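Each chain, written out:
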Amino acid sequence: MKSIFFFCISVLFLNSCHQQVNNQTPTFINDSLPEGSLADISDFDSTAPVDNVNDVHFFVYTKLDSVTLYTQPQAQAKSLRIVNDRFNNYYGFEDLGDFFKLHYQIKNNPPTTIVAYVSKQEFTKDSQLSLQGIDLNVIRSSAQNGVDDHTTKSFSKLGTISLIDEATYLQAKKQTNTEPLIPNPEMKFDGSAWSLSSSGAKDFQVVKHLVGAEENTEYTYRGRSSTINREIFLEQDHMSGMDHYVGYDPDAPDETPTYFSSPPIILPTHGLVATIRTNTDQMTDFVLTGYDHQANTLTILLYANFTNFKVPDTSSLFWVDSRTLYFKATHSNTRTSDPTYKSEYLKLQLSTAID
């Protein structure tokens, strides 16, 4: 019994690992294929199994219920029609005109992998996936005015996310009231640290490079926001590979600084700060922070963790008005390491419930 139990656990684990192993032989649907073009598995060249998905050049995706595997990158080549299910692994290795060359992995005993070709009419390369037809308002969790919500899975209570075209995005960007970060002329850098020459901030200092047994952090000055009264630095942690933006109040150097996950996008007319960033598990965090001028404090008003899109370019975010932001985004499975990856444009409209 113990052997059976551990075997079942192993199978469940393997199914969760990025579909690296196919648990079923393919189901064939060959009725729609021209007579004489039907292939057998033995007609396909065999190749070594994919042991590490990092060795895969790209992935391809389809929304079809069934797909055709060709023995050669030609529409007249012998082919098989198979059911497309969640166990199928389409590992891309070459982009060949109208076809993709794949290593298609079949679970036999031992595993068998074949070289197959699929049509670009049926598949889309991972760098060219579209957000069209995707529910962009799906969230994992949210928080409003300090109250967490892990139950609601839609952003609709707080606002909406929708697609816009590139022309709308570019036109609005020309007219945005987003505050740019401007270098403070009183900020001095002596080669090892930044300091301010103003009388009210004599104790303010930010060291460029902090190195120790458990620390290797580097700071780069980005500029000042007069709206939130903060000097903004990029903080790069070379040990963890993470980076953040840090807002220092130069008049209170001993106070804890404010951390932002991405460049703070500031709306001066309303004292609002927005940030957006895709984290390591392909979910995107949006944070809205409000500035209290009298208290000189920043408070998180809204947080949402989106699941169906990524934001590779965090600096693409800007304010259109006090309830609307535009930014560039990609499909959650888009391979952004490809310099030709497809970007689309999104509108984030906040509801009046934010007040």
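Residues numbered from 1 in each chain as written. Predicted model: local features only at pLDDT ≥ 70, side-chain atom pairs only at ≥ 80, totals over all residues. Heavy atoms only, no water.

## Some remarks on the pairing of strand β27 (residues 344–350)
Stated formally: Working definition: with a 1.4 Å probe on protein chains only, accessible area under 20% of the residue-type maximum means buried, over 50% means exposed, and in between means partly exposed. Helix and strand assignments follow DSSP, with helices taken as H or I runs no shorter than four residues and strands as E runs no shorter than two, numbered in order from the N terminus. We treat two strands as partners when DSSP finds at least two bridges between them.
Of all seven residues making up β27, five are buried, and the element is well covered by its neighbours. In the sheet, strand β11 (residues 159–164) pairs with β27 via six bridges, with the strands oriented antiparallel. Across the sheet, the residue bridging to Ile-164 is Tyr-345, located in β27.

## A closer look at the environment of Pro-183
Quick reminder of the rule: Any two residues having at least one pair of non-hydrogen atoms within 4.5 Å are treated as being in contact.
Position of Pro-183 among the secondary structure elements: in the loop between α2 (166–174) and β12 (187–189). When residues no more than four places from it in sequence are discounted, the contact partners of Pro-183 are Tyr-221, Gly-223 and Arg-224.

## Remarks on the nonpolar core
Rules: Buried Ala, Val, Leu, Ile, Met, Phe, Trp, Tyr and Cys residues form a nonpolar core when they are joined through side-chain atoms within 4.5 Å.
Residues Phe-155, Ile-161, Phe-286, Phe-309 and Phe-327 are the most contacted members of the largest nonpolar core, which totals 26 residues. Listed by contribution, the elements that provide at least two residues to this core are β20 (265–267), β21 (272–278), β22 (284–292), β23 (297–306), β26 (324–331) and β27. Ignoring anything within four residues of it in the chain, the contact list for Phe-286 reads Ala-274, Thr-275, Ile-276, Leu-302, Tyr-303, Ala-304, Phe-306, Leu-325, Leu-348 and Leu-350. One finds Phe-44, Tyr-90, Phe-100 and Ile-106 within the second-largest nonpolar core, a separate group that totals 17 residues.

## Looking at the pattern of salt bridges
The test is simple: Counted as salt bridges are all cases of a side-chain nitrogen of Lys or Arg within 4 Å of a carboxyl oxygen of Asp or Glu.
Taken as a whole, this structure holds 10 salt bridges when the rule is applied. Of the charged contacts, one joins Asp-126 and Arg-335 as a salt bridge, the two residues approaching to 3.0 Å between their closest N and O atoms. On the criterion of sequence distance, the pair formed by Asp-126 in the loop between β8 (124–125) and β9 (139–144) and Arg-335 in the loop between β26 and β27 is long-range, its members being 209 residues apart. The exposure class of Arg-335 is partly exposed, given its relative accessible area of 23%. Between Glu-218 and Lys-208 there is a salt bridge whose closest N-O contact spans 3.4 Å. Within this pair, whereas Glu-218 is found in strand β16 (residues 215–225), its partner Lys-208 is found in the loop between β14 (205–207) and β15 (209–212), the two being separated by 10 residues in sequence.

## Some thoughts on the sheet that holds strand β13 (residues 193–196)
Put simply, the rule reads: Note on geometry: axes are lines fitted to C-alpha atoms, helical ones only across the stretch in contact, with angles between N-to-C directions running from 0 to 180 degrees.
Read from one edge to the other, the open sheet built from three strands follows the order β12-β13-β14, with strand pairing classed as antiparallel. Only two strands of the sheet have a single neighbouring strand rather than two, namely β12 and β14. Averaged over all pairs of adjacent strands, the angle between strand axes in this sheet comes to 20 degrees, irrespective of strand direction. The pairing of β13 with β14 spans three bridges and is classified as antiparallel. Of the residues in β14, the one forming a bridge with Trp-194 is Val-206.

## Quick notes on the sheet that holds strand β18 (residues 242–248)
Within a sheet, neighbouring strands are paired by backbone hydrogen bonds and run either parallel or antiparallel to one another. If you trace the five strands from one edge of the open sheet to the other, you get β15-β16-β17-β18-β19, paired in antiparallel fashion. The two strands at the open ends of the sheet, each matched to only one other strand, are β15 and β19 (258–260). Taking the axes of each pair of neighbouring strands and ignoring which way they run, one obtains an average angle of 25 degrees across the sheet. When β15 meets β16, the two strands line up antiparallel, connected through four bridges. Within the sheet, the bridge partner assigned to Val-211 lies in β16 and is Asn-216.

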